[in-house]
Amino acid sequence: MNDSGALLPWLVIRQDDNGNRYRVGRYATRAEAQKVADSLDDRGHKQLYWVEQIGQTATMN
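Calculation criteria
- Residues numbered from 1 in each chain as written.
- Predicted model: local features only at pLDDT ≥ 70, side-chain atom pairs only at ≥ 80, totals over all residues.
- Heavy atoms only, no water.
- Buried < 20%, exposed > 50% of the residue type's maximum accessible area, 1.4 Å probe, protein only.
- Helix = DSSP H or I, 4+ residues; strand = E, 2+ residues; numbered from the N terminus.
- Pairing = 2+ DSSP bridges.
- UniProt positions renumbered as here; feature names shortened; annotations may be inferred.
- Axes fitted to C-alpha atoms, helices over the stretch in contact; angles between N-to-C directions.
- Contact = heavy atoms within 4.5 Å.

An unreviewed UniProt entry annotates the protein chain as SPOR domain-containing protein originating from Streptomyces amritsarensis.

Turning our attention to the pairing of strand β1 (residues 10-15). Taken across its six residues, β1 has five buried, putting it largely inside the fold. Pairing of β1 with strand β2 (residues 21-27) involves six bridges; the strand directions are antiparallel. Within the sheet, the bridge partner assigned to I13 lies in β2 and is R23. Bridge count for β1 against strand β3 (residues 48-53) is six bridges, and the pairing is antiparallel. From the neighbouring strand, V12 faces β3, where its bridge partner is V51.

Turning our attention to the UniProt feature "domain: SPOR" (unreviewed entry) in the protein chain. This chain's UniProt record puts "domain: SPOR" (unreviewed entry) on residues 12-42. The span residues 12-42 is 39% helix and 35% strand, and its two end C-alpha atoms sit 14 Å from each other.

On to the sheet that holds β2, then. If you walk across this open sheet you meet the three strands as β2-β1-β3, and the pairing is antiparallel. Edge positions in the sheet fall to β2 and β3, since each has one partner strand and no second. Strand-to-strand, the axes of this sheet are offset by a mean angle of 25°, without reference to chain direction. Packing against the sheet, helix α2 (residues 30-41) makes contact with β1, β2 and β3, and its axis sits at approximately 170° to β3.

Structure representation (structure tokens):
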């Protein structure tokens, strides 16, 4: 059995205007995930994008 979480441990998360969170994608490296998050953020939408590692959840206040 292959655990893809071990191969792609970095997530890009999007939060919309209503506070709903969605996984945008999974990536092998933090740098790759950050590049995607920055690219999406640069589009100027109101959504918030960030990177987190599987098993490490960010707390948003």
